[in-house]
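Okay, here's what each chain looks like letter by letter:
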Amino acid sequence: MENSLTGSINLTEGRKAVIIIENLSKQFGNHKVLVNLNLTVFEEENVVILGKSGCGKSVLIKCIIGLIKPQRGHIFVTGTDITSIKYDKMDQMRTKIGFLFQSNAIYDSMTVRENLEFPLRRNRVNISQDQINKLVCEALENVGLLHTIDMMPSELSGGMLKRIALARIIILKPKIILYDEPTSGLDPVTAAEIENLILELKKKYHTTSIIISHDMNCVKKTADRVILLLDGSCYAAGTYADFQNSNDINIKQFFQ
Amino acid sequence: MKLTMTVLQFLEDTGNLSRFTARYFAIGFRKPFETRELFRQCYNIGYKSFTLVSLTSLIIGLVLTMQLRPSLVKYGVESRLPIMVGIAIIREIGPVVAALIFAGKIASSIGAELGSMKVTEQIDAMEVSGTNPFKYLVATRVLACTIMLPILIVMADAIALVGAFIGINIQGVTSLRLFFSEIFNSLELTDILPSYIKTYFFGFVIGIVGAYKGYNAVKGTRGVGNAANSAVVLASVLIFIIDLLAVQITEILGLN
Ligand SMILES: Nc1ncnc2c1ncn2[C@@H]1O[C@H](COP(=O)(O)OP(=O)(O)O)[C@@H](O)[C@H]1O
Ligand SMILES: [Mg+2]
């Protein structure tokens, strides 16, 4: 059903697939959210997922990190099928995957420092306090917020929280980052800063990313490839330019 | 119609709560233990409720004494006042009043805290950073309540007895030593033990209900408020039900 808009991007040529999703289906009660969805994401690629709100974009990436269990289908992340592994194996996989929540999900009872220390202490046994401090500072420097290290989340703005949430992800140097609407609810200037950060992180750590967005500026800037999710599966795939030039009614909606 | 709905809802709630409780026993005590978080919660919970529990216990002791005196004077058994008050406080009033206050303070705060963590995806964030949120958040809080409430209630009983002593001294005089030796000489193990044992159940129920309501909070501004509110209501009702069961059981076992 996937409708490749043009042949302008050759997907398979010499590149390693990092995430392979096969026939993924998920329904809540009688409500079918994902229906036989197939998607492959390649190494160091930024894939943007476009789709109306409520169409199952968040459900899709939550399946990839194992927060939601699909009814059918397989999800291979760096070769491991995460739909059939045990809890402790899943925890190991998760250190390779960063997830930026739409609501940031910063622990509001902890300082910025404690927020960043949390995943480190949990995943690296035997790490020394010196190493922790160094990594925390490095991660905060990457997002330009070293001065907030001892502040509480309630003292920070929405854009700053988004960047702290990003810092908390990159502290574990994940190979894959899943962004759930990283720029929604931010003003255009702050949104542009977040988009730049996404690009910088990709360059610096060679990450593979899936980015959910409705914001066409964000799509234009960050996407190597755009996927349109419709009725629970991939309706179309292509570059931003392909989408812009498309006459498909379902695609044109997003450019109004 | 409305009544059947309420009854059905209550039954469903009870079923889900039982499942939640089963989950607590199934994974709450698995290694590794979250010892640090447990101590932090014990301190928090004890510290938060100590002043309120003390104050209410002092007043209850005082008021109870003043209310009982006229009746005892009428029957000419005023000298039995310390024993009457002592038994009332240790067997029933002390534990139940402290537990209700504790429920109001702690079940609501656990419900609100976990509820807001749930709706802002902080619980999911914990899960993806390699931490079992049920163990880290729920198990530690429930255990902390189970440990702390009995300790608080022993203190509350003592403070209520001091209140009673003050009540006695408002009219007529007795020395503190005489007052306490009179009470303790007439107390038996069967007065103390059953009521002490039931405080563990009170503590457990307050913790598990608060955590259950918070953990299942629904999105939206009212979700968190409802979680806190219904946690207090359900916990308070369950405290009375446990109290009723406890008195039946001690009766059957002949411990009265
Ligand atoms: N835990 C859940 N239980 C029931 N329904 C859910 C759950 N999570 C998501 N849904 C439903 O799945 C659909 C897709 O949700 P979501 O992926 O969050 O949408 P979006 O594309 O805006 O991110 C929505 O209709 C939502 O109601
Ligand atoms: Mg979403």
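Residues numbered from 1 in each chain as written. Chains lettered and ligands numbered in written order. Predicted model: local features only at pLDDT ≥ 70, side-chain atom pairs only at ≥ 80, totals over all residues. Heavy atoms only, no water.

A. Local environment of the interface of chain A and chain B. Each partner contributes residues to the interface: chain A has 19 residues there, and chain B has 16 residues. Carbon and sulfur atoms make up 49% of the area that chain A and chain B hide from each other, which totals about 1,600 Å². Applying the counting rule to chain A against chain B returns 3 salt bridges. Salt-bridge contacts for Arg122(A) lead to Glu34(B); the nearest nitrogen and oxygen are separated by 2.8 Å. Listing elements by their share of the side of chain A that touches chain B, those giving two or more residues are helix H2 (87–94) and helix H3 (112–123) of chain A. (Contact = heavy atoms within 4.5 Å. Buried area = accessible area lost by both parts, 1.4 Å probe. Salt bridge = Lys/Arg side-chain N within 4 Å of Asp/Glu carboxyl O. Helix = DSSP H or I, 4+ residues; strand = E, 2+ residues; numbered from the N terminus.)

B. Geometry of the site of ligand 1. All names here are of chain A. Lining the immediate environment of ligand 1, one finds Phe28, His31, Val33, Lys52, Ser53, Gly54, Cys55, Gly56, Lys57, Ser58 and Val59. Here an oxygen atom of ligand 1 sits 2.7 Å away from a polar atom, N or O, in the main chain of Gly54. Measuring from an oxygen atom of ligand 1, one finds a backbone N or O atom of Lys57 at 2.8 Å. Contact with the protein chains removes 59% of the 560 Å² of surface that ligand 1 exposes when unbound. Of all elements in the fold, only strand E3 (31–42) and helix H1 (57–64) reach the threshold of two or more residues within the shell around ligand 1. Sort the elements by how many residues they give to the shell around ligand 1 and H1 lands first, with 3 residues. In terms of residue class, the shell around ligand 1 is made up of 4 nonpolar, 5 polar and 2 charged. (Near = heavy atom within 4 Å. Polar contact = N/O pair within 3.5 Å; in protein donor to acceptor, adjacent residues only side chain to side chain. Areas by Shrake-Rupley, 256 points an atom, 1.4 Å probe, with all protein chains shown as cover. Nonpolar A, V, L, I, M, F, W, Y, C, P; charged D, E, K, R; others polar.)

C. Layout of the pattern of salt bridges. Residues and elements named next belong to chain B. According to the stated counting rule, one finds 20 salt bridges over all chains in the structure shown. A salt bridge links Arg69 to Glu78; the shortest N-O distance between them is 2.8 Å. For Arg69, a relative accessible area of 7% gives the class buried. Its relative accessible area of 36% is what places Glu78 among the partly exposed residues. The network of salt bridges with common partners includes Glu37, Arg40, Glu113 and Arg141. (Buried < 20%, exposed > 50% of the residue type's maximum accessible area, 1.4 Å probe, protein only.)

D. View of the sheet that holds strand E5 (residues 72–77) of chain A. Residue and element names in this part refer to chain A. One open sheet accounts for 4 strands, arranged E3-E2-E5-E6; its pairing is antiparallel. Strands at the two margins of the open sheet, each flanked by one partner only, are E3 and strand E6 (80–81). As judged from the 8 bridges shared by strand E2 (residues 17–28) and E3, these two strands associate in the antiparallel manner. Note that in E3 the partner of Ala17 across the bridge is Phe42. (Pairing = 2+ DSSP bridges.)

E. Quick look at helix H4 (residues 129–142) of chain A. Residue and element names in this part refer to chain A. An ideal rise of 1.5 Å per residue puts 20 Å on 14 residues; H4 measures up with 20 Å between its terminal C-alpha atoms. Taken residue by residue, H4 has Ile132, Leu135, Val136, Ala139, Leu140 and Asn142 as its buried positions. The buried residues of H4 occupy one face: seen down the axis, they fall within an arc of 155 degrees. Away from its buried face, by an angle of more than 90 degrees, H4 presents the exposed residues Asp130, Lys134 and Glu141. The inward-facing, buried residues of H4 abut H3, helix H5 (158–170) and helix H6 (188–205). Downstream of H4 by one or two residues, Gly144 has phi in the positive range, about 70 degrees. (Expected span 1.5 Å × (residues − 1). Arc of directions from axis to C-beta.)

F. Fine view of the nonpolar core. In this structure, Ile21(A), Leu37(A), Ile49(A), Ile64(A), Leu178(A) and Ile206(B) are the most contacted members of the largest nonpolar core, which totals 89 residues. When residues of this core are assigned to their parent elements, the largest contribution, 13 residues, is made by helix H5 (residues 133–170) of chain B. Residue contributions to this core reach at least three from each of two domains, namely domain 1 (13–96 + 175–256) and domain 2 (107–173) of chain A. (Core = buried A, V, L, I, M, F, W, Y, C linked by side-chain atoms within 4.5 Å. Domains from an automatic or database assignment.)

G. Representation of helix H3 (residues 81–119) of chain B within the structure. Residue and element names in this part refer to chain B. Along its 39 residues, H3 runs 53 Å from first to last C-alpha, staying within 8% of the 57 Å computed at 1.5 Å per residue. Where H3 bends most, at Ile89, the angle is about 55 degrees. Once H3 ends, the next one or two residues include Glu121, with phi positive near 65 degrees. (Bend = angle between axes of the 7 residues up to and from the residue.)

H. Quick peek at the packing of aromatic side chains. For the coordinates displayed, the defined rule picks out 18 aromatic pairs over all chains. Both rings, one in Phe134(B) and one in Tyr215(B), keep their centres 5.8 Å apart while their planes meet at 90 degrees; by these two values the pair is edge-to-face. One end of the pair, Phe134(B), is in helix H5; the other, Tyr215(B), is in helix H7 (residues 189–215), and 81 residues separate them in sequence. Residue classification places Phe134(B) among the buried residues on the basis of a relative accessible area of 0%. On the accessibility criterion, Tyr215(B) (11% relative accessible area) is buried. Here the aromatic cluster, defined as three or more aromatic residues joined through ring pairs, consists of Phe20(B), Phe134(B), Tyr212(B) and Tyr215(B). Over the ring of Phe28(A) we find Lys26(A); its NZ or CZ atom is 5.0 Å from the centre of that ring. The ring of Tyr107(A) has Arg168(A) sitting right over it, with the charged end atom 4.6 Å from the ring centre. (Phe/Tyr/Trp six-rings, centres within 6.5 Å; stacked < 30°, edge-to-face > 60°. Lys NZ or Arg CZ within 6 Å of the ring centre and 35° of its normal.)

I. Inspection of a nonpolar patch on the surface at higher detail. Residue and element names in this part refer to chain B. Among the surface-exposed residues, Leu55, Leu58, Ile59, Val63, Met66, Val162, Ile166 and Ile170 lie close enough to one another that they form a single nonpolar patch of about 630 Å² accessible area. Every element with two or more residues in the nonpolar patch is listed here: helix H2 (35–74) and H5. Here Leu55 shows up in helix H2. (Patch = residues over 30% accessible without salt bridge, like charges linked within 9 Å, V, L, I, M, F, W, Y side chains within 5 Å.)

J. How the structure looks around the domain arrangement of chain A. All names here are of chain A. On domain assignment, one finds that chain A holds domain 1 (13–96 + 175–256) and domain 2 (107–173). The C-alpha-based centres of domain 1 and domain 2 are spaced at 25 Å. Domain 1 puts 15 residues into the contact, and the matching count from domain 2 is 13 residues. Of the roughly 1,200 Å² buried at the junction of domain 1 and domain 2 (both faces included), carbon and sulfur atoms supply 69%. Considering only the surface of domain 1 that becomes buried against domain 2, Thr95, Leu197 and Tyr205 emerge as the three largest contributors, covering 39% of it. There are 1 salt bridge connecting domain 1 and domain 2. Measuring nitrogen to oxygen at the nearest pair gives 3.8 Å for the salt bridge that ties Glu193 to Arg163. Summed over the shared surface of domain 1 and domain 2, the result is 2 residue pairs in polar contact (both at pLDDT 80 or more). Counting residues per element, the side of domain 1 that touches domain 2 draws most heavily on H6, which supplies 8 residues.

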